[in-house]
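Residues per chain are reported as follows:
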Amino acid sequence: NLIYFNGEYVNDKIAIDPNDRGYQFGDGIYEVVRVYNGMLFTAREHFERLVRSAAEIQIKLELTVDDYIEICQHLITENQVTDGLIYVQVTRGNALRNHIFPESFKPVTLIYSYDSARPVEGMDKGVKVITLEDIRWLRCDIKSLNLLGNVLAKQQAHVGQAVEAIQVRDGIVTEGASSNVFIIKNGTIYTHPANHLILNGITRIVIKRCAEELNIPFVEKTFTPEELYDADEVIISSTSLEVTPVTQIDDQTVEIGPVTRQLQQAFKEKIYPAS
Ligand code: PLP
């Protein structure tokens, strides 16, 4: 498999510098972009978010949105990816270990692709989630490499035989460990506002567009765990999960409903515009 690393295309193996700040501090940012039918999906939105994340932590990117897209397209072609994901990470670079930023630094970029099928089973049958406390930092809007809070939450979900951990901060549902959360009540979709407490998911933005096109009210307003349990329908979304219905929250079951199915259909039409 061809990989893009530090300005070059290389085969399979790369050498990480022991002083890479991504490795030592999680000092970097990332994106995961979908490939459907050999084509990038919402790549521009993803790379615009990467540019924003970089600016928020004062990393000066050496590549533009168009550069990233071109590199991804090259990898898709060379690696013959039909349905897959592309992982992009940029760290602050290599410097002798010190929390303070180095005087001058050259970001280290890593981009690779891998095959991944659409999550059809979960989308069809629904998944189980658990709720737990959101213990993450207060800049969840930055897609940072520091994922320990998310990793611990996801592991707890996995141990509880659930697909996702729905995090709760100060009595408010924020988001999943690697997804956004939506409830549907009386025909209206509710999701946490895009502020510093959640990542503004690209899938979330696509779902918002779909809802608008379908004339389904879409309200960016917080909700409580009680409202989550009491919802008519519950959805989680991400680049890899798309629009996945939730059928169990902790010990309580939820039905998959008509709004979820409409959003899934509208989302699919965005993936395959011709069909
Ligand atoms: N929230 C968190 C914490 C995530 O890690 C992710 C994706 O990995 C999302 C939300 C969903 O974002 P997107 O739809 O851009 O994949």
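The preceding data block contains the structure.
Residues numbered from 1 in each chain as written. Predicted model: local features only at pLDDT ≥ 70, side-chain atom pairs only at ≥ 80, totals over all residues. Heavy atoms only, no water.

A. Structural context of the site of the ligand. As a matter of local geometry, the ligand sits amid 19 residues, with Arg 49, Glu 175, Ile 202, Thr 203 and Thr 239 nearest to it. Lys 143 places a side-chain nitrogen or oxygen 3.2 Å from an oxygen atom of the ligand. Between the ligand and Ile 202, the relevant distance is 2.8 Å, taken from an oxygen atom to a main-chain nitrogen or oxygen of the residue. With the chains in place, 92% of the 390 Å² that the ligand exposes on its own is no longer accessible. Looking at the shell around the ligand, the elements that each hand over two or more residues are α2 (43–56), β9 (172–176), α6 (202–213) and β13 (233–238). In terms of residue class, the shell around the ligand is made up of four nonpolar, 11 polar and four charged. When residues are assigned to domains, the shell around the ligand turns out to be shared by domain 1 (2–117) and domain 2 (121–271), each giving three or more. (Near = heavy atom within 4 Å. Polar contact = N/O pair within 3.5 Å; in protein donor to acceptor, adjacent residues only side chain to side chain. Areas by Shrake-Rupley, 256 points an atom, 1.4 Å probe, with all protein chains shown as cover. Helix = DSSP H or I, 4+ residues; strand = E, 2+ residues; numbered from the N terminus. Nonpolar A, V, L, I, M, F, W, Y, C, P; charged D, E, K, R; others polar. Domains from an automatic or database assignment.)

B. Structural context of a nonpolar patch on the surface. A cluster of nonpolar side chains, contributed by Ile 135, Leu 148, Val 151 and Leu 152, occupies part of the molecular surface with about 410 Å² of accessible area. You can see Leu 148 is positioned in helix α5 (residues 148–159). (Patch = residues over 30% accessible without salt bridge, like charges linked within 9 Å, V, L, I, M, F, W, Y side chains within 5 Å. Salt bridge = Lys/Arg side-chain N within 4 Å of Asp/Glu carboxyl O.)

C. The arrangement of the sheet that holds strand β4 (residues 39–41) in detail. Spatially, six strands are ordered β2-β1-β6-β5-β3-β4 in an open sheet, and the strand pairing comes out antiparallel. Each edge of the open sheet is held by one strand with a lone partner, namely β2 (8–11) and β4. The mean inter-strand angle of the sheet, taken between neighbouring strand axes irrespective of direction, is 30 degrees. Where strand β1 (residues 2–5) and β2 come together, four bridges link them in antiparallel fashion. Its bridge partner being in β2, Leu 2 is matched across the sheet by Asn 11. Together, β1, β2, β3 (28–36), β4, β5 (84–91) and β6 (108–115) form the strand contacts of helix α3 (residues 65–78), whose direction differs from that of β6 by roughly 40 degrees. (Pairing = 2+ DSSP bridges. Axes fitted to C-alpha atoms, helices over the stretch in contact; angles between N-to-C directions. Contact = heavy atoms within 4.5 Å.)

D. Structural detail: the packing of α2 against α3. The N-to-C vectors of α2 and α3 enclose an angle of 130 degrees; their axes lie 9 Å apart at closest approach. Relative to α3, α2 is oriented oblique. For the crossing formed where α2 meets α3, the hand is right-handed. Residues Ala 43, Arg 44, Phe 47, Glu 48, Leu 50 and Val 51 of α2 form the contact with α3, whose own contacting residues are Val 65, Asp 66, Tyr 68, Ile 69 and Cys 72. Taken together, the residues that form the contact of α2 with α3 break down as eight nonpolar, no polar and three charged. (Parallel < 35°, antiparallel > 145°, perpendicular 65-115°, else oblique. Left-handed = near helix turned anticlockwise from the far one by under 90°.)

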